[in-house]
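Spelled out, the chains give:
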Amino acid sequence: MSSMDNFVGLSVVLTGFAKSVINPTLDEVNIKAEYLPVWTERVASESGDNQLPEKILSNYQALSEQEPALTDQQIGEQMLSDSQSAAFVLACRQLIFLWYMGAWPTVQEAPGTSTGGRTDFCTLSSKSYTSGLVWRVMQAHPMGDSNYSYGYWGEPPVALDKYTGQQ
Amino acid sequence: MKENRVLLIAGASLLLAACDGGKDETVSAISAVAASSSSVSPVEEPLSPEIPAKEPFGGNVSLESLQRDFDIFSWQSFIALNWPADTDGNPNAGVTIGEQPNTMRVWQHYKESRDIFLPEGTTPPGWDQPFPPPATCGSDATKPLLRQVGKTPNVLDESAEPFQTGPLIDQNGQYTRYEILTNQVMFDYILDNDLYSKAGQAKFNAKAEFPFGTDTEVGSIMLKAAWKVMGEGDDPGQFYTTEAYVYNNPHENAGVSEACQLQRVGLVGFHIGTKVEGNPQWIWSTFEHVNNAPTQGQAADKEHYNYYNHHCADGGVDCTAVNEPPPRPWNPANTNTPPSQIERVIPIADDTAALNRQYQQKLQAAVPGTVWANYELISTQWPTAAGDVTDETGVPAPTFLANTTLETYIQGRVKQTSSSCIQCHNNAAMTNGKKSDFTYLLERAQ
């Protein structure tokens, strides 16, 4: 399994979207090729642990190959469990944010607040903006970029599971 | 593996720099490297007058192999459509494409949009009945009539304000001329459903669904052709040329006076839109004359270009800015408009360029010196996920596609702004407010 294979698998588990959405067979947009290097570089630099990205992906691979097979839900819960380090869990949550928003999140330090601070984010590119899964969850389109045809606003959107690929 | 890791890091650096700088335009180094790989096997099929009717599929499901399948489909279509025709518009099977240079081609027997959408919604003449040119031109209805000086000025001007469309001026200060045509399948659908008039469209009250091609029957085809008037510096022996009425349409822009002149024009751009089973977003092929314009970032190594002046590239005075339309007012009667200075923004993909060389060699082998070897496929846009109900564009590949003679001023890589055949035509509608099936032609109904 390559790093990309594990990255795709982990992304499917953590986002709840089907592999057909995260990694289509014919992937002209290929947003994963933009996300993987950003995620790898940012996680390594922000955690101060260059091995952390590979450790996370290896951890995912081990869980995905476990016998008897775990469900995606079970794998996701283990990846985000308290048994993992805070940096490990944060990196997984950043991956979720990246896929949903097409943006890199930075949690600001704010000692003494219950939330731990606000989350700032930076959109990677126009392609990542339009590829954000949040639009699919809303059964809508990004502002300024609609792939629907004329008159779509007069029709109900297609079912949510068509957008998530989980039908 | 080591090289891959280097690429990943290089890609990451580019992306992070863009994000930190607050910019959102990033081209992945990884994608660019991947796109440059080339694997082209020889084309075995002979030159044929048969228009391909069904979805191309060579047996491999990958973006690269399918792109090649669609590019071959495009070349087959281009060759068949430009085959010499008999007087009924059927391909003359007794000759090949490079022969009979003065004979009209198959597609030149198709219906031009002016012959379909008539004033007051009048029923157009039947398929085999010629439509007379404007009285200003004369009475020979067999001559092509080129009346447009913008791609679809009445449509794009009204519905797509962000697009900086405008006339394209050749090196002699002459406006490029355009025509839009449909094949009989498409024409019959319009006629049979009364879609040539507003009243007919209102009565139809449904989405248009033009017929698909099947395994054996050619489906709907629409074409756009761009022509330049042959003049000083042009070698007519390098173009497919025809005599046409070049008509200045007084309705196109304010201040334009009606005029008409019979002139020799050379083909410089050619769009083919084809609807085949499995591709409801249509297949979009676009060709150009090889001397239209150089590609940005590459050597301008041709001695003469149709829309590019070496003198201007060297800092000459009185030159137009690159890829900018001329200032208004636009009037094709003005033969001294400053020439356009055009560059191709997105290079032709390596695999497509290699396929072009193969077809150009086949054409040369069939008829040495043929003008058809002077045309090249820019690319073919096709839907990678044609049945995706959440994305009616079907996720086109390539994402962007522009012909320097037909989408001159909207080249680039910005979604909803830069040229994408499917993305743009997905917005097309009829006068009844219903979808028009990827054609803006039906908006012309009166």
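Structure: above.
Residues numbered from 1 in each chain as written. Chains lettered and ligands numbered in written order. Predicted model: local features only at pLDDT ≥ 70, side-chain atom pairs only at ≥ 80, totals over all residues. Heavy atoms only, no water.

Draft legend 1. Structural view of the interface of chain B and chain A. With 37 residues of chain B in contact, the opposing surface of chain A contributes 28 residues. Roughly 2,800 Å² of surface becomes buried between chain B and chain A when both sides are summed, with 58% attributable to carbon and sulfur atoms. Residues A:Asp145 and B:Lys415 are paired through a salt bridge, measuring 3.0 Å at the closest nitrogen-oxygen approach. The set of elements that each furnish at least two residues to the side of chain B that touches chain A consists of α1 (2–20), α3 (63–81) and β9 (396–397) of chain B. (Contact = heavy atoms within 4.5 Å. Buried area = accessible area lost by both parts, 1.4 Å probe. Salt bridge = Lys/Arg side-chain N within 4 Å of Asp/Glu carboxyl O. Helix = DSSP H or I, 4+ residues; strand = E, 2+ residues; numbered from the N terminus.)

Draft legend 2. Structural detail: the packing of aromatic side chains. Under the defined criterion, the tally for this structure stands at 28 aromatic pairs over all chains. Centre to centre, the rings of A:Phe7 and A:Trp99 are 6.4 Å apart; their planes meet at 35°, and the pair counts as tilted. In this pair, A:Phe7 sits in helix α1 (residues 3–15) while A:Trp99 sits in helix α6 (residues 86–101), placing the two residues 92 residues apart along the sequence. Each ring, one from A:Phe17 and one from A:Tyr100, has its centre 5.9 Å from the other, and the planes form 75°; the classification is edge-to-face. In this pair, A:Phe17 sits in the loop between α1 and α2 (19–22) while A:Tyr100 sits in helix α6, placing the two residues 83 residues apart along the sequence. Ring pairing ties together the aromatic residues B:Trp75, B:Phe78, B:Trp107, B:Trp227, B:Tyr240, B:Phe270, B:Phe287, B:Tyr359, B:Trp372 and B:Tyr375, which thus form one cluster. Positioned above the aromatic ring of B:Phe187 is the side chain of B:Lys111, whose terminal nitrogen or guanidinium carbon lies 5.6 Å from the ring centre. Of note, B:Lys275 hangs over the ring of B:Phe212, and the distance from its end group to the ring centre comes to 4.4 Å. (Phe/Tyr/Trp six-rings, centres within 6.5 Å; stacked < 30°, edge-to-face > 60°. Lys NZ or Arg CZ within 6 Å of the ring centre and 35° of its normal.)

Draft legend 3. Representation of the packing of helix α4 (residues 52–64) of chain A against α6(A) in the model. Residues and elements named next belong to chain A. Where α4 contacts α6, the axes come no closer than 10 Å and their chain directions differ by 80°. As the angle between them shows, α4 and α6 are arranged roughly perpendicular. For the pair formed by α4 and α6, the contact residues are Leu52, Lys55, Ile56 and Asn59 on the first element and Ala87, Phe88, Ala91 and Cys92 on the second. For the contact of α4 with α6, the class distribution of residues is six nonpolar, one polar and one charged. (Axes fitted to C-alpha atoms, helices over the stretch in contact; angles between N-to-C directions. Parallel < 35°, antiparallel > 145°, perpendicular 65-115°, else oblique. Nonpolar A, V, L, I, M, F, W, Y, C, P; charged D, E, K, R; others polar.)

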